[in-house]
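Descriptive structure summary
As a plain string of letters, each chain reads:
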Amino acid sequence: MNKPILHNPLESLLVAPGARQDGLPVADRRAADVEMARLPETASDPSRSRVGLPQAMAESAIWESMPTIALRDQVVSDRPLAERPLVPKPREASRGTGRNLRARLPFDRVALLLQGGGALGAYQAGVYEALAEAGLHPDWVVGISIGAINAAIVAGNAPERRVDKLRGFWEEITAPAMGFDAGVVGLFGRGEAARAFANQVSAAMVASAGAPGFFGPRLPNPWFHPPGTIEATSYYDTRPLKATLERFVDFDRINSDNKDTRLSLGAVNVRSGNLVYFDSGTQVIGPEHVMASGALPPGFPAIEIEGEHYWDGGLVSNTPLQWLVTNTRVTGQRLPDALVFQVDLWSARGEFPRNLAEVTTRQKEIQYSSRTRAFTDFIKRLKKVEYSVAMLLDQLPDEFKQSEEAKYLASVAQRHAYNLVHLIYRPRGYEGDSKDYEFSRLSMAEHWRTGYHDTMRTLRHPEVLERAGNGEELTIFDFAGDGN
């Protein structure tokens, strides 16, 4: 009998990367530098004994790292860590009382594109919080993998509830696995090496125990299940995710005739290998469609929908920008002037690896960035051609405009203006190759905060919100990558 090929289940928990080798910012160093003076007080007070030393330290580190929260009381709460909020509550601006950039926006549509990337997806939640504070609620959300989950939460809730729902989801799935969280980094020392070790331990815990409300290890191992059963095809069971989605997403709202946000989710048909999009404009969307978009093998099982099985859309393309182009051509419905935010969790750019761990990291980044720059450049050239064709047709004599060739050219000609705003997560040096399945609360809070601040910096540039020219080209922005 042939020896079975053993896959590393850690590599299958994610759908998406990006990389920067910067050090810990000040806030993160404070998170890593847990004040040891608090520890005897926590340990000696019987009323707080239920929290436990590691959890108290993790909670301290997480709260100190949050960007929008006031300084907390020095007393450690006796609420279990899993029940306490980690992401800052939305400011009043995000509840509709702040600036409303949408009111004076010279675009007819706002689209939000969310790439896959597992645990890095909290970055997208931070991006959305910043957009919500500015009143830039999207009309259309397109997502793949973890981006599909975030997209469903956005589309499946009223604008004033979206940030709270995103926060609730991310807090739930980042509850400490087996009682360990990367927030106890202070136990291992200071600096990037200590944080890298804590992250690796946290990722190993997730790989062993799963993530609450998301996935859990399949027992017994899939190799012990009969061939042909769904249990024999994945290392983890994602059935908990269905119940979680039903609590955080109002699918009736998504499928309503009066919906205010269109939802599109990318997945791959297992038999044909084709990338398909489930779209609320043409079909009823349920939890299974969201789960299918994030079913990355061999970690997660394929999801059956109407007799067909689907895997994670990131296997073919992890960048949903393609759908904005191909969908409008297939349906004949032109996307009007639009402001498009593309939130990528993997960056194509990176350093040359120095060891095997960095090789794995770099491989993921290249694979899951899905040639974002090349595809964006292609769309930019295509947009130029469409505009040129429209201008040329205007100059044709009327008798030529009635020809079949001219009619065909008219079907592709357009003058709509699109601003494409890139927001790309660039990880810190200590995150390593496990960053996409390192579901610790500390890392989640950092990712959320980074997405929020990257977006706020980007929105400070007025040209992002201005319609450039007469629709002759796609205008692309990426300010966050330059630190501006």
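Up top you'll find the structure we're talking about.
Presented here is a report on the structure given in the accompanying data block.

Calculation criteria
Residues numbered from 1 in each chain as written. Predicted model: local features only at pLDDT ≥ 70, side-chain atom pairs only at ≥ 80, totals over all residues. Heavy atoms only, no water. Helix = DSSP H or I, 4+ residues; strand = E, 2+ residues; numbered from the N terminus. Expected span 1.5 Å × (residues − 1). Buried < 20%, exposed > 50% of the residue type's maximum accessible area, 1.4 Å probe, protein only. Contact = heavy atoms within 4.5 Å. Core = buried A, V, L, I, M, F, W, Y, C linked by side-chain atoms within 4.5 Å. Phe/Tyr/Trp six-rings, centres within 6.5 Å; stacked < 30°, edge-to-face > 60°. Lys NZ or Arg CZ within 6 Å of the ring centre and 35° of its normal. Pairing = 2+ DSSP bridges. Salt bridge = Lys/Arg side-chain N within 4 Å of Asp/Glu carboxyl O.

1. A word on helix α4 (residues 122-133)
Across its 12 residues, α4 extends 17 Å between first and last C-alpha, which sits within 8% of the 16 Å expected from 1.5 Å per residue. The buried fraction of α4 amounts to 12 of the 12 residues, a majority that puts the element mostly inside the structure. Within α4, burial applies to Ala 122, Tyr 123, Gln 124, Ala 125, Gly 126, Val 127, Tyr 128, Glu 129, Ala 130, Leu 131, Ala 132 and Glu 133. In this structure, the buried residues of α4 make contact with β1 (109-114), α5 (146-155), α6 (162-173), β9 (338-344), β10 (418-424) and α16 (441-459).

2. Quick look at the environment of Tyr 236
Tracing the chain through its elements places Tyr 236 in strand β4 (residues 236-237). Considering only alpha carbons, one finds Tyr 236 and Asn 221, 15 residues apart in sequence, at a separation of 9.0 Å.

3. Regarding the nonpolar core
Core analysis: the largest hydrophobic core is formed by 78 residues, its most contacted members being Leu 136, Ile 149, Trp 170, Phe 214, Phe 341 and Phe 439. Ranked by residue count, the leading element in this core is α5, at 8 residues. Setting aside its immediate chain neighbours within four residues, Phe 439 contacts Gly 118, Ala 119, Trp 170, Ile 173, Thr 174, Val 206, Phe 214 and Phe 215.

4. A word on the packing of aromatic side chains
Taken as a whole, this structure holds 13 aromatic pairs when the rule is applied. Taking the centre distance of 6.2 Å and the plane angle of 70° together, the rings of Phe 215 and Phe 439 count as edge-to-face. Here Phe 215 is found in the loop between α7 (192-209) and β3 (216-217), whereas its partner Phe 439 is found in the loop between β10 and α16, with 224 residues between them in sequence. With respect to burial, Phe 215 and Phe 439 carry one shared label: buried. Ring pairing ties together the aromatic residues Phe 214, Phe 215, Tyr 236, Phe 300 and Phe 439, which thus form one cluster. Its end group placed over the ring of Trp 140, Arg 262 keeps NZ or CZ at 4.0 Å from the ring centre.

5. Brief notes about the side chain of Asp 237
In this fold, Asp 237 is placed in strand β4. Contact partners of Asp 237, with chain neighbours within four places excluded, come to Phe 214, Phe 215, Gly 216 and Arg 218.

6. A word on the pairing of β1
Across the 6 residues of β1, 5 count as buried, placing the element largely inside the fold. By the bridge criterion, 6 bridges tie β1 to β9 in an arrangement that is parallel. Bridging across to β9, Val 110 finds its partner in Leu 339. Two strands pair when backbone bridges link them, and β1 and strand β2 (residues 140-144) are joined in this way by 4 bridges, in the parallel orientation. The partner of Leu 112 across the bridge, within β2, is Val 141.

7. A few points about the pairing of β9
Counting buried residues in β9 gives 7 out of 7 residues, a clear majority hidden from the surface. Side chains of β9 alternate between two faces, with Ala 338, Val 340, Gln 342 and Asp 344 and Leu 339, Phe 341 and Val 343 buried alike. Sheet topology note: the β9/β10 ladder contains 7 bridges and is parallel. Bridging from a neighbouring strand, Ala 338 pairs with Tyr 418 of β10.

8. Thoughts on the pattern of salt bridges
What the rule picks out here adds up to 18 salt bridges. A salt bridge links Glu 172 to Arg 247; the shortest N-O distance between them is 2.5 Å. One end of the pair, Glu 172, is in helix α6; the other, Arg 247, is in helix α8 (residues 239-248), with 75 residues separating them in the sequence. Classification of Glu 172 as partly exposed rests on a relative accessible area of 22%. Residue Arg 247 is classed as partly exposed on the basis of its relative accessible area of 48%. One salt bridge in this structure joins Glu 365 and Lys 435, with 3.6 Å as the shortest N-O distance. One end of the pair, Glu 365, is in helix α12 (residues 356-368); the other, Lys 435, is in the loop between β10 and α16, and 70 residues separate them in sequence. Each member of the pair, Glu 365 as well as Lys 435, is classed as buried.

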